[in-house]
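# A structural walkthrough
What follows is each chain in one-letter form.
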Amino acid sequence: MTKTAERNAGSLAGELLDWFAREGRDLPWRRTRDPYRIWVAETMLVQTQVATVIPYYERFVARFPDVASLAGASLDEVLKVWEGLGYYARARNLHRAAREVLERHGGHIPSHSAALRALPGVGAYVAGALLSIAFGRDEPALDGNARRVLSRLFRIRGAAGSAALRHKAREVLPPGSAGAFNQALMDLGATVCTPRRPRCEACPVSRHCEAHRQGDEESLPERRSPRRLPHVDVTAAVIWRDGRVLIARRPAHGLLGGLWEFPGGKQEPGETLPECLRREIREELGVEIEVGELVTSVRHAFTHYRITLHAFRCRLVDGEPQPIGCADTRWVTLAELDGFAFSAADRKVIAALRAEESSLPIA
């Protein structure tokens, strides 16, 4: 970097840090330097907005205040506290990583990049945030907001944008103040340098912004054309016996891994919904069922596809459920369902069941 570029970078950093000192958001995880709490927060913040994260973060650290308490908890307990936040692999990885920290690092979260990145679920962003904010290391942390700010400041376009952003982030990082600088970029992107209609007149570093100078700030960062999400119909069996309903636990890996559900699965081409449900229950639990009336149909969108979940009241006609295609099964009362972690779609089925609690199952 030339001396002029160094001066410009220093000026940019100084002005942004001054703004952050005045305007930075007061967030619960910014009131501590505890690496564990910052780790929990930054993990939750991946692909999730701050306003959504705050109540989940506060519940999570109240229930699991340190690495040891998280490592000592069961996956069921962790998923129940996480329930509703989505992207459940984050919770599973955080739980696994806490156990590794306890076993391999004496309960102390590693302060070096290689050891930190070796933990389950710790990618470049979470590692950068932890190293800079909790440990004071000169490391960038590029969330979506920071990427947007840098792409506009330096007018970075094209397929090489990611590598160019990482390079530029390191170049302008003020030594000794990386944590505050990273958080300043995040806050600027969240409150001023927004995806659409950025408030350039309120930006503390607009005079450094190449995109603003060229008048094309809204075209950066370059966006991929939105693709249409495929749709899948999914069935679920609400199987009653002696006042209890059957629930199944999903395998620990994959989408919604470790959560509980009403057993069922995806409809195959050419199948009716009842045919699908009978086949899925046979494959998953090794039993035959009679499919009765529809309880409810629930729509839900995941990152890569959308579903409509069709839940039917059902009755066992042959066999005793066995966890063949699932991790576990339980017979529980409607009231006891609150003790288990379910997906958002299954929670809506539970709400429908409670709304018609007086309805009788198939005789």
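Everything below is about the structure printed above this text.
Report on the accompanying structure. (Residues numbered from 1 in each chain as written. Predicted model: local features only at pLDDT ≥ 70, side-chain atom pairs only at ≥ 80, totals over all residues. Heavy atoms only, no water.)

What follows is about the overall build of the protein chain. Secondary structure assignment for the protein chain yields 14 helices and 7 strands. The buried share of the protein chain, reckoned over its 363 residues, is 48%. In the protein chain, once contacts between residues fewer than 6 apart in sequence are set aside, the share between residues at least 24 apart is 66%. With 51 positive and 45 negative side-chain charges, the protein chain shows a separation of 6 Å between the mean positions of the two kinds. (Helix = DSSP H or I, 4+ residues; strand = E, 2+ residues; numbered from the N terminus. Buried < 20%, exposed > 50% of the residue type's maximum accessible area, 1.4 Å probe, protein only. Contact = heavy atoms within 4.5 Å. Lys, Arg positive; Asp, Glu negative; His and termini not counted. Charge placed at Lys NZ, Arg CZ, Asp CG, Glu CD.)

Where burial is concerned, most of strand β1 (residues 231-241) is hidden: 8 out of the 11 residues are buried. In this structure, β1 lies alongside strand β6 (residues 306-318), joined through 9 bridges in parallel fashion. When the bridges of β6 are listed, Ala237 appears paired with Phe312. Bridge count for β1 against strand β2 (residues 244-249) is 2 bridges, and the pairing is antiparallel. Bridge assignment links Arg241 to a residue of β2, and that residue is Arg244. Between β1 and β2, which pair antiparallel in sequence order, lie 2 residues; one of them, Asp242, sits at a positive phi of approximately 50 degrees. (Pairing = 2+ DSSP bridges.)

Before going further, it helps to examine unusual backbone geometry. A cis amide bond links Leu220 to the next residue, Pro221, at an omega of -10 degrees. Along the chain, the position of Pro221 falls in the loop between α12 (210-214) and β1. Here Arg155, not a glycine, exhibits a phi torsion of approximately 50 degrees, which is positive. You can see Arg155 is positioned in the loop between α9 (144-153) and α10 (161-172). According to the relative accessible area criterion, Arg155 is partly exposed, its value standing at 37%.

When we look at burial in helix α5 (residues 75-82), the residues that qualify are Leu75, Val78, Leu79, Val81 and Trp82. Taken down its axis, α5 places every buried residue within 160 degrees of arc, on the same side. Remark: Gly84 follows α5 within two positions and exhibits a positive phi of approximately 100 degrees. (Arc of directions from axis to C-beta.)

Once that is clear, we can look at the packing of aromatic side chains. The tally for this structure, following the rule as stated, stands at 7 aromatic pairs. Between the aromatic rings of Trp260 and Phe340, the centroid separation amounts to 5.2 Å while the plane-to-plane angle is 70 degrees, which identifies the pairing as edge-to-face. Here the residue Trp260 occupies a position in strand β3 (residues 260-261), and Phe340 occupies one in the loop between β7 (328-332) and α14 (344-355), the gap between them amounting to 80 residues. Ring plane angle 25 degrees and centroid distance 5.9 Å describe the contact between Phe262 and Phe342, whose orientation is recorded as stacked. Taken as a pair, Phe262 in the loop between β3 and β4 (264-266) and Phe342 in the loop between β7 and α14 lie far apart in primary sequence, 80 residues in all. A single burial state applies to Phe262 and to Phe342, both of which are buried. Over the ring of Tyr56 we find Arg59, and its NZ or CZ is 4.7 Å from the ring centre. (Phe/Tyr/Trp six-rings, centres within 6.5 Å; stacked < 30°, edge-to-face > 60°. Lys NZ or Arg CZ within 6 Å of the ring centre and 35° of its normal.)

With that settled, the discussion passes to the side chain of Arg92. Summarising the element assignment, Arg92 is placed in helix α6 (residues 89-104). An unpaired buried charge is present at Arg92: no salt bridge exists, and Asp76, the closest side chain of opposite charge, is 11 Å distant. Excluding anything up to four places from it in sequence, Arg92 contacts Leu75, Leu79, Ala252, His253, Gly254, Leu256 and Gly257. (Salt bridge = Lys/Arg side-chain N within 4 Å of Asp/Glu carboxyl O.)

This next bit is on the nonpolar core. Tyr36, Trp39, Met44, Phe60, Val238, Phe262 and Leu337 are the most contacted members of the largest nonpolar core, which totals 75 residues. In terms of residue count, helix α8 (residues 124-134) provides more of this core than any other element does, 8 residues in total. What Phe60 contacts, discounting residues up to four positions off in sequence, is Tyr36, Val40, Met44, Leu70, Val78, Val81, Trp82 and Leu94. (Core = buried A, V, L, I, M, F, W, Y, C linked by side-chain atoms within 4.5 Å.)

Packing of helix α2 (residues 35-45) against α6 leaves a shortest axis separation of 10 Å and a crossing angle of 155 degrees. Between α2 and α6, the crossing angle belongs to the class labelled roughly antiparallel. Handedness of the α2/α6 crossing: right-handed. Contacts between α2 and α6 involve Trp39, Val40, Thr43, Met44 and Leu45 on the former and, on the latter, Arg90, Leu94, Ala97, Ala98 and Val101. The residue makeup of the contact of α2 with α6, split by class, is 8 nonpolar, 1 polar and 1 charged. (Axes fitted to C-alpha atoms, helices over the stretch in contact; angles between N-to-C directions. Parallel < 35°, antiparallel > 145°, perpendicular 65-115°, else oblique. Left-handed = near helix turned anticlockwise from the far one by under 90°. Nonpolar A, V, L, I, M, F, W, Y, C, P; charged D, E, K, R; others polar.)

Sheet topology places strand β5 (residues 288-301) next to β6; 11 bridges connect them, and they run antiparallel. Along β6, the bridge assignment pairs Ala301 with Arg306. Taken together, β5 and the strand that follows it, β6, pair antiparallel across an intervening segment of 4 residues.

A few words on the packing of α8 against helix α11 (residues 178-191). Axis separation between α8 and α11 bottoms out at 7 Å; the angle between their running directions is 130 degrees. When the interaxial angle is binned, α8 and α11 end up oblique. Classified by chirality, the crossing of α11 by α8 is left-handed. Across from Tyr125, Gly128, Ser132 and Ile133 in α8, the residues of α11 making contact are Ala178, Gly179, Asn182, Gln183 and Met186. Grouping the amino acids of the contact of α8 with α11 by side-chain chemistry returns 4 nonpolar, 5 polar and no charged.

Shape is all these values report; function is a separate question.
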